Amino acid sequence: METTLLSLQWTSPRRGIISPFQSLQPTNTNLKTKRERSISRSRPTNPTNKITAAKRRARRNDEKEEMESRFRRLEQMGCCKDRNVDKALQVFDRMKVAPDVFTYSILLKGLCDAGKLDRAVQLFDGMKVAPNVVSYSTLLKGLCDSGQLDRALELLDRMKVAPNVVTYSTLLNGLCESGKLDRALQLFDEMDVTPNVVSYSTLLKGLCDSGKLDKALELLDCMKVAPDVVAYSILMKGLCDSKRLDRAMELLDQMKVVPNVVTYNTLLKGLCDSEKLDRALELLDHMKVAPDVMSYNTLLKGLCDSKNLDRALQLLDRMIVGPDVVTYNTLLKGLCDSGKLDRALNLLDRMEVAPNVVSYSTLLKVLCDSRNLDKAMVLLGRQLKSGCCPDIVTYNILLKGICEGRGVEKASEFLDEIRRRGCNPDVVTYNALVEGLCKEGRLDDAIKLMKEMPSTHGCNPHVVTYNILVEGYCMEGRLDDAIKFVKEMPSTYGCQPNVITYYTIIKSLCHTGRWMDAEKLLVDMTGKGCSPDVVTFNRMINSLCKLGIASEGLIEEARKLLNSWVLRDV
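Residues numbered from 1 in each chain as written. Predicted model: local features only at pLDDT ≥ 70, side-chain atom pairs only at ≥ 80, totals over all residues. Heavy atoms only, no water.

Colleague: Mind laying out the nonpolar core, listing which residues take part and the relevant values?
Modeller: Core analysis: the biggest nonpolar cluster contains 156 residues, and Leu 363, Leu 433, Leu 469 and Ile 505 have the highest contact counts within it. It is helix α13 (residues 229-241) that provides the largest number of residues to this core, a total of 8 residues. The residues touching Leu 433, leaving out its near neighbours within four places in the chain, are Leu 399, Cys 403, Val 408, Ala 411, Ser 412, Leu 415 and Leu 449. (Core = buried A, V, L, I, M, F, W, Y, C linked by side-chain atoms within 4.5 Å. Buried < 20%, exposed > 50% of the residue type's maximum accessible area, 1.4 Å probe, protein only. Helix = DSSP H or I, 4+ residues; strand = E, 2+ residues; numbered from the N terminus. Contact = heavy atoms within 4.5 Å.)

So this is what it looks like as structure tokens:
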């Protein structure tokens, strides 16, 4: 094919179409001859041009430093966001330009979020630029979050810039969270800026947490800014927690903003906790916003706790949002607690979401408690097949069931299987085996297992472990060995006996007619600082009285002890 001139043309991004003839011509108009360059050098330079060039160079240097500063600042922000504060410090040390106040503030926040308060204070004190209100507020928040309120207040007093509303709100929150409500109210009165809704909400929460609801309501009425839905929800929760549900419902009607779902869920929980289920269901129907799954879960729990299982299942069917696994777990627990195992298993089959480990554990516990181990093992197989890996809680339920239904030997074999599946046994696992051995009359083997737990199995016994062994001694009638074991617990095993430990032995001593030993042990337990609360004490004495084995001397001694505990507000 013949080559035409048009085919030799090409396109330049700056000059358009260029022919081959044009490309052969010199295009640089700045090129000068040797003579021209010589003449140009010999001409005097205009001073104005020198100044302009210097300004341009200075501007370029400033822009370069600004770009460097911005780049390092962004790099620091990324490091601090990823909680890699050590990397942020390295970036800070590599900076070739002087850091500005924004750079310092970024690094201060990273150090405070990482809990390195001393390093943050050191950086703050060594700042080469004047800190601004953000720098102060950042360090104040770190001090408040770590409970160093005195240092935070000292920093407020020596601020060289005017604190803003964020500064004060940060301190108010720290004081309220630390229970220093009076100091928070004092600081609120001393504020020289107008409080915002966050400041008021912080105080409202502090008043509600301290049970000062009337003062919280007074504060709401005298707010200088319009309360938002958060402020109202804080008060709702305080009123519901104190069982002032009528006042909470009144506040709902008085709200000047539309309640959100959190507000309604707070009220629903308060009504359900007070067993006012009809009012809760009525509120659900009259909500001004769509209920979420938490709304339904709250009501379902209330219905299940009150054994209204039919109404709970009806509510499940009329949910306008999809149920989650918590929804089903609530219903499964309610059905299992009411002994409706078949309905619970049926509900498991028709779940619209995948069951989790809690779903299976709830059902496995009921099956094991009813000694239906074959069905329990089938359900475990179904769980494994579904890809839902059992945790140690699930395995402990099964292990305890096997101990009680098939003996410790089979349970030990199952323990080996647990280990093969990559699940580490915990203290509850070994407690089940210790208890199983005690019930089989193998107390010495149980004690041996307890002693092997730290060294062989890497698991330290708990006070519950020792209480099981004390019960084992008592079941075998070895009461003197039980008393000796309890006395040796602190020195030999590093564990202090608790109320249950003493109660187990005292009950057995009384049952065998050893009244004096029981009275002595009751006095001894209080002398070692192991005083039961009134509820536990009453349960202990009532149990002895029902058995008809409490002597008048023991009861009289118990009454004296009870009076002394009440005087000490125990």
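Moving on, there is more to tell.
Colleague: For the environment of Thr 327, give the residues involved together with the corresponding values.
Modeller: Residue position: Thr 327 is located in helix α19 (residues 325-337). Sequence separation between Thr 327 and Met 351 is 24 residues, and the spatial gap between their C-alpha atoms is 9.9 Å. Setting aside residues up to four positions removed in sequence, Thr 327 forms contacts with Val 293, Asn 297, Leu 300, Leu 316 and Met 319.

Colleague: Quick rundown of the packing of helix α25 (residues 427-439) against helix α26 (residues 443-456)? Include the residues and the values.
Modeller: Interaxial distance between α25 and α26 falls to 7 Å at its minimum, and their mutual angle equals 160°. On the basis of their axis angle, the class for α25 and α26 is roughly antiparallel. As α25 packs across α26, the resulting crossing turns out to be left-handed. Taken together, the residues of α26 that come into contact with α25 (itself represented by Val 427, Tyr 430, Leu 433, Val 434, Leu 437 and Cys 438) are Leu 443, Asp 445, Ala 446, Leu 449 and Met 453. A class-by-class count of the residues in the contact of α25 with α26 yields 10 nonpolar, no polar and 1 charged. (Axes fitted to C-alpha atoms, helices over the stretch in contact; angles between N-to-C directions. Parallel < 35°, antiparallel > 145°, perpendicular 65-115°, else oblique. Left-handed = near helix turned anticlockwise from the far one by under 90°. Nonpolar A, V, L, I, M, F, W, Y, C, P; charged D, E, K, R; others polar.)

Colleague: For helix α10 (residues 181-190), give the residues involved together with the corresponding values.
Modeller: Within α10, the full set of buried residues consists of Leu 181, Ala 184, Leu 187 and Phe 188. Projected onto a plane normal to the axis of α10, the buried residues spread over an arc of 120° and lie on a single side. Residues of α10 that are exposed and angled more than 90 degrees away from the buried face: Asp 182 and Asp 189. (Arc of directions from axis to C-beta.)

Colleague: So what about unusual backbone geometry? Which residues, and what values?
Modeller: Of note, Lys 307 is a non-glycine position whose phi angle comes to about 70°, a positive value. Along the polypeptide, Lys 307 turns up in the loop between α17 (293-305) and α18 (309-317). What makes Lys 307 partly exposed here is its relative accessible area of 48%. If you check the backbone angles, Arg 371 has positive phi at about 60° while not being a glycine.

Colleague: Quick rundown of the pattern of salt bridges? Include the residues and the values.
Modeller: What the rule picks out here adds up to 32 salt bridges. The shortest N-O distance in the salt bridge between Arg 514 and Asp 517 comes to 2.9 Å. When salt bridges with common partners are traced through the structure, they connect Lys 400, Glu 404, Glu 435 and Lys 439 into a single cluster. (Salt bridge = Lys/Arg side-chain N within 4 Å of Asp/Glu carboxyl O.)

Colleague: Account for a negative patch on the surface, with residues named and values stated.
Modeller: Side chains of Asp 150, Glu 154, Asp 157, Asp 189 and Glu 190 sit close together on the surface and give a patch of like negative charge. For the negative patch, the secondary structure elements donating two or more residues are α8 (149-157) and α10. Along the chain, the position of Asp 157 falls in helix α8. Exposure remark for Asp 157: the relative accessible area of 67% places this residue in the exposed category. (Patch = residues over 30% accessible without salt bridge, like charges linked within 9 Å, V, L, I, M, F, W, Y side chains within 5 Å. Areas by Shrake-Rupley, 256 points an atom, 1.4 Å probe, with all protein chains shown as cover. Lys, Arg positive; Asp, Glu negative; His and termini not counted. Charge placed at Lys NZ, Arg CZ, Asp CG, Glu CD.)

Colleague: Any chance you could break down the side chain of Ser 233 for me, citing the residues and the numbers?
Modeller: With respect to the element layout, Ser 233 can be found in helix α13. Given the relative accessible area of 11%, Ser 233 is considered buried. There is a polar contact of 2.8 Å between the side chain of Ser 233 and the side chain of Thr 263. Those residues in contact with Ser 233 that lie beyond four places of it in its chain are Asn 260 and Thr 263. (Polar contact = N/O pair within 3.5 Å; in protein donor to acceptor, adjacent residues only side chain to side chain.)

Colleague: I'd like to hear about the packing of aromatic side chains, residue by residue, with values.
Modeller: Under the criterion given, the structure shown has 7 aromatic pairs. With a centroid separation of 5.1 Å and 70° between ring planes, the pair formed by Phe 124 and Tyr 136 is classed as edge-to-face. Here Phe 124 is found in helix α6 (residues 117-125), whereas its partner Tyr 136 is found in helix α7 (residues 133-145), with 12 residues between them in sequence. In this structure Phe 124 comes out as buried when scored by relative accessible area, which is 6%. Seen from their ring centres, Tyr 473 and Phe 485 are 5.6 Å apart, and the 45° between their planes marks the pair as tilted. Here Tyr 473 is found in helix α27 (residues 463-475), whereas its partner Phe 485 is found in helix α28 (residues 479-493), with 12 residues between them in sequence. The pair Tyr 473 / Phe 485 is uniform in exposure class, with both members buried. (Phe/Tyr/Trp six-rings, centres within 6.5 Å; stacked < 30°, edge-to-face > 60°.)

Colleague: Can you lay out the side chain of Ser 201 for me, pointing to particular residues and giving the numbers?
Modeller: The residue Ser 201 is located in helix α11 (residues 197-209) in this model. Note on Ser 201: relative accessible area 9%, which makes it buried. Aside from chain neighbours lying at most four places away, what touches Ser 201 is Asp 228, Ala 231 and Ile 234.

Colleague: Quick rundown of the packing of helix α24 (residues 408-420) against α25? Include the residues and the values.
Modeller: The interhelical angle for the contact between α24 and α25, taken along N-to-C directions, is 165°, at an axis separation of 10 Å. As the angle between them shows, α24 and α25 are arranged roughly antiparallel. Viewed along their axes, α24 and α25 form a crossing whose handedness is left-handed. Listed contacts from α25 to Val 408, Ala 411, Ser 412, Leu 415 and Arg 419 of α24 are Thr 429, Tyr 430, Leu 433, Gly 436 and Leu 437. Its residues placed into classes, the contact of α24 with α25 shows 6 nonpolar, 3 polar and 1 charged.

Colleague: Provide a residue-level description of the environment of Asn 431, including the pertinent values.
Modeller: The topology assignment puts Asn 431 in helix α25. Here Asn 431 falls in the buried class, since its relative accessible area comes to 9%. Expressed as a C-alpha distance, the spacing of Asn 431 and Ala 446, which sit 15 residues apart in the sequence, is 9.4 Å. If near-sequence neighbours (up to four positions away) are discounted, Asn 431 is found in contact with Val 464, Thr 465 and Ile 468.

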